[in-house]
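Given next are the chains, with one letter for each unit.
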Amino acid sequence: MRDVFNFSAGPSMLPEEVLLEAQKEMLNCLGSGMSALEMSHRSKTYDAIHNEAIALFKELFNVDDSKYYVLFLQGGATTQFSAVPLNLLTEKNGKKADYIVTGNFASKAYEEACRYGDIKCLANTKESKYSYIPDVDTLEYRENTDYVHITSNNTIFGTRYTKFPNVNNLVADMSSNILSEPVDVNKFKLIYAGAQKNVAPSGLTIVVVRKDAVDNCEPLPFTPILMQYRTQASKDSLYNTPCTYSTYIAMLNFRYLKKFGGVEAIYKQNKYKAGLLYDYLDNSNFYTNIVRKEDRSIMNVTFVTPNADLDAKFVKEAGQNGLVSLKGHKLVGGLRASIYNSMPVEGVEKLISFMKKFEMENK
Ligand SMILES: *Cc1c(COP(=O)(O)O)cnc(C)c1O
């Protein structure tokens, strides 16, 4: 067991077993006599890694192979803020898309899309400090849009959709909660996620996109070749050099998750971990969480102490106790515990013990 529990929002913790396996194979990956760090992406060994990683992802995320492409790309979720409108907006529909803005990343995605088409913001919860998810049933979706964009988990503010808009062209940024809970992929036109929260080190970006949205669509004419989904779909995500090591770690992590019992099993554990933390927060009059209860994230738990000086003291003393990266995002301040799939229950229990002690000492 490691001495430090890392509550970073991303890049974030990976399971110890995965890191130890990578260490074991560092100089000889899958019997190749080479490290995965130095291996050609056109080699047989890398081919096996690439294929196993994608196959395990499809299995764990329950992706219908006949309906969806799964692309392993680079550039982070932020590149998808551009790639999504560039690939999905169509002249036929007047390049229309609707966005629901529930956080800073959602806002960035919206602003980027506005550069390319007729983009409408259906709701923006900024006035309420992004502390809730709007009622998706009462929003005024436009007719004939190319897509409706949401951010399923808001990493900075600690909110999450528990119900999705009932539209047939939904696009979701799932960077901070992919594989943390079961999702009916068939409800989506496209899902994307940077890997560095729940999957692997940074570099890898996963895109799940309905085949008809790629096969029957022209990207906007100036779309860079590498950002066209059809380029990557036709080359099995190997048009250029992929992020080989991140994909290798993703493969190990998917093996681990499968052994753990898959998404259902990890979801149970995630709910349990978040429940421990929220129960404690709800019963404390020292710490506060401002998120509306039904919209609470089970990945990123945000809270504050009675004042900013105590927040800073909390971060410092927690660090001295092996509980690191608990400082809230600079936009909101306060504190944030990111408790992704790889955070053991023990880490959350240790955090709560520390919180109790800190509360007693500073009340
Ligand atoms: C982290 C994050 C991003 C940004 O990801 P990059 O890989 O740094 O581009 C976007 N959206 C969400 C929801 C995130 O959590």
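A. Quick look at the site of the ligand. Around the ligand, the structure places 13 residues, and the nearest of them are Thr-78, Thr-155, Asp-173, Gln-196 and Lys-197. Note that an oxygen atom of the ligand is positioned 2.7 Å from one of the side-chain N or O atoms of Lys-197. Notes on the ligand: free accessible area 390 Å², of which the protein chains cover 85%. If you tally residues by element for the shell around the ligand, the top one is helix H3 (residues 76-88), at four residues. The residue makeup of the shell around the ligand, split by class, is three nonpolar, eight polar and two charged.

B. Broad picture of the nonpolar core. If you look at the biggest cluster of nonpolar residues, it comprises 55 residues, and the most contacted ones within it are Phe-57, Phe-61, Leu-179, Val-208 and Phe-254. With eight residues, helix H2 (residues 44-61) is the largest single contributor of residues to this core. Aside from chain neighbours lying at most four places away, what touches Phe-254 is Ala-53, Leu-56, Phe-57, Leu-60, Phe-72, Leu-179, Val-199 and Ile-206. Within the second largest apolar cluster, 32 residues are counted, among which are Ile-298, Leu-310, Ala-318 and Leu-335.

C. Structural view of the layout of surface pockets. Approximately 300 Å³ is the volume attributed to the largest pocket. Ile-290, Thr-302, Val-304, Val-332 and Gly-333 are the residues nearest the centre of the largest pocket, which is lined by 17 residues in total. Looking at side-chain class alone, the lining of the largest pocket contains 10 nonpolar, six polar and one charged residues.

D. Expanded view of H2. In a regular helix each residue adds 1.5 Å, so 18 residues correspond to 26 Å; H2 covers 26 Å between its end C-alpha atoms and thus fits that length. Of all the residues in H2, the buried ones are Thr-45, Tyr-46, Ile-49, His-50, Ala-53, Ile-54, Leu-56, Phe-57, Leu-60 and Phe-61. Angular distribution of buried residues about the axis of H2 spans 165°; they occupy a single face of the element. With its phi angle positive at about 60°, Asn-62 sits one or two positions after the end of H2.

E. Summary view of the environment of Asp-236. With respect to the helices and strands, Asp-236 occurs in the loop between helix H6 (229-234) and helix H7 (244-260). C-alpha of Asp-236 to C-alpha of Lys-293: the two residues are 57 residues apart in sequence and 42 Å apart in space. Residues contacting Asp-236, with those up to four places away along its chain left out, are His-50, Asn-51 and Ile-54.

F. Up close: unusual backbone geometry. For the bond from Gly-10 to Pro-11, the omega torsion is -10°, close enough to zero to count as cis. Within the secondary structure, Pro-11 is located in the loop between strand E1 (5-6) and helix H1 (16-24). The phi angle at Lys-95 is positive, at roughly 50°, despite the residue not being glycine. Looking at the element boundaries, Lys-95 is found in the loop between H3 and strand E3 (96-101).

G. Representation of the packing of helix H9 (residues 308-320) against helix H10 (residues 345-362) within the structure. At a minimum axis separation of 11 Å, H9 and H10 run at an interaxial angle of 130°. For the element pair H9 / H10, the angle class is oblique. The element H9 and its partner H10 pack so that their crossing is right-handed. Every residue of H10 that contacts H9 at Leu-310, Lys-313, Phe-314, Glu-317 and Ala-318 is listed here: Leu-351, Phe-354, Met-355, Phe-358, Glu-361 and Asn-362. Of the residues belonging to the contact of H9 with H10, the class tally is seven nonpolar, one polar and three charged.

H. Here's a closer look at H10. Its 18 residues place the ends of H10 26 Å apart at the C-alpha level, agreeing with the 26 Å of an ideal helix rising 1.5 Å per residue. Turning to H10, its buried residues number three or more, namely Val-345, Gly-347, Val-348, Leu-351, Ile-352, Phe-354, Met-355, Phe-358, Glu-359 and Asn-362. Considering only its buried residues, H10 is in contact with E1, helix H8 (262-282), strand E11 (300-303), H9, strand E12 (323-324) and strand E13 (335-338).

I. Inspection of empty space enclosed by the protein at higher detail. For the coordinates displayed, the defined rule picks out three cavities of 30 Å³ or more. What the largest cavity holds in volume is close to 80 Å³. Along the walls of the largest cavity sit Pro-15, Leu-179, Asn-198, Asn-253, Phe-254, Tyr-256, Leu-257, Ile-266, Asn-341 and Ser-342, which together make up its complete lining. Broken down by element, the residue count for the lining of the largest cavity peaks at four residues, all from H7. Of the residues contributing to the lining of the largest cavity, the split by class is six nonpolar, four polar and no charged. Of the residues that make up the lining of the largest cavity, three or more belong to each of domain 1 (17-258) and domain 2 (262-362). Its volume calculated, the second largest cavity comes out at about 40 Å³. Lining the second largest cavity are Asn-87, Leu-88, Ala-213, Val-214, Cys-217, Pro-219, Tyr-229 and Arg-230.

About the criteria used
- Throughout this document, residue positions are counted from 1 along each chain, in the order its sequence is written.
- Reporting of local features is limited, given that this is a predicted model, to residues whose pLDDT is at least 70; pairs of side-chain atoms are given and counted only at 80 or more, and all residues count toward the totals for whole chains, interfaces and linings.
- Excluded from the side-chain calculation are hydrogens and water; included are all heavy atoms of the structure.
- A cutoff of 4 Å decides nearness: a residue is near a molecule or strand if any of its heavy atoms lies inside that distance of it.
- Here a polar contact means two N or O atoms within 3.5 Å. Within protein one must be a hydrogen donor candidate and the other an acceptor candidate, and residues neighboring in sequence count only if both atoms are side-chain atoms.
- Each accessible area is a Shrake-Rupley result for a 1.4 Å probe, and residues are judged covered by the shown protein chains and nothing else.
- Here a strand is any run of E in DSSP of at least two residues, a helix any run of H or I of at least four, and the numbering for each starts at the N terminus.
- Charged means Asp, Glu, Lys or Arg here, nonpolar means Ala, Val, Leu, Ile, Met, Phe, Trp, Tyr, Cys or Pro, and polar covers whatever is left, Gly included.
- To form a nonpolar core, buried Ala, Val, Leu, Ile, Met, Phe, Trp, Tyr and Cys residues must be joined to one another through side-chain atoms within 4.5 Å.
- Per-residue accessibility, obtained with a 1.4 Å probe over protein chains only, is compared with the maximum for each type, and a residue is labelled buried under 20%, exposed over 50%, and partly exposed between these values.
- Residue contacts are defined here by distance: any two heavy atoms, one from each residue, within 4.5 Å place the two residues in contact.
- In the cavity and pocket records, a cavity denotes points on a 1 Å grid over the protein atoms alone where a 1.4 Å probe fits but cannot get out, a pocket denotes an open set with protein on both sides within 12 Å along at least 5 of 7 lines, and lining residues are residues with an atom within 4 Å of a point.
- Grid points are joined across faces, edges and corners, and a volume is the space filled by probe spheres set on the points.
- Expected span of a helix, by definition, is 1.5 Å for each gap between consecutive residues, and there is one gap fewer than residues.
- By construction, the arc corresponds to the directions joining the helix axis to the C-beta atoms.
- Angles shown run from 0 to 180 degrees and are taken between the N-to-C directions of axes, each axis being a line fitted to C-alpha atoms and, for helices, limited to the stretch in contact.
- Convention used here: angles under 35 degrees read as roughly parallel, angles over 145 as roughly antiparallel, angles from 65 to 115 as roughly perpendicular, and any remaining angle as oblique.
- Note on convention: the crossing is left-handed when the near helix lies turned anticlockwise from the far helix by less than a right angle, right-handed when the turn is clockwise.
- Note that the domain bounds were set by an automatic or database domain assignment.

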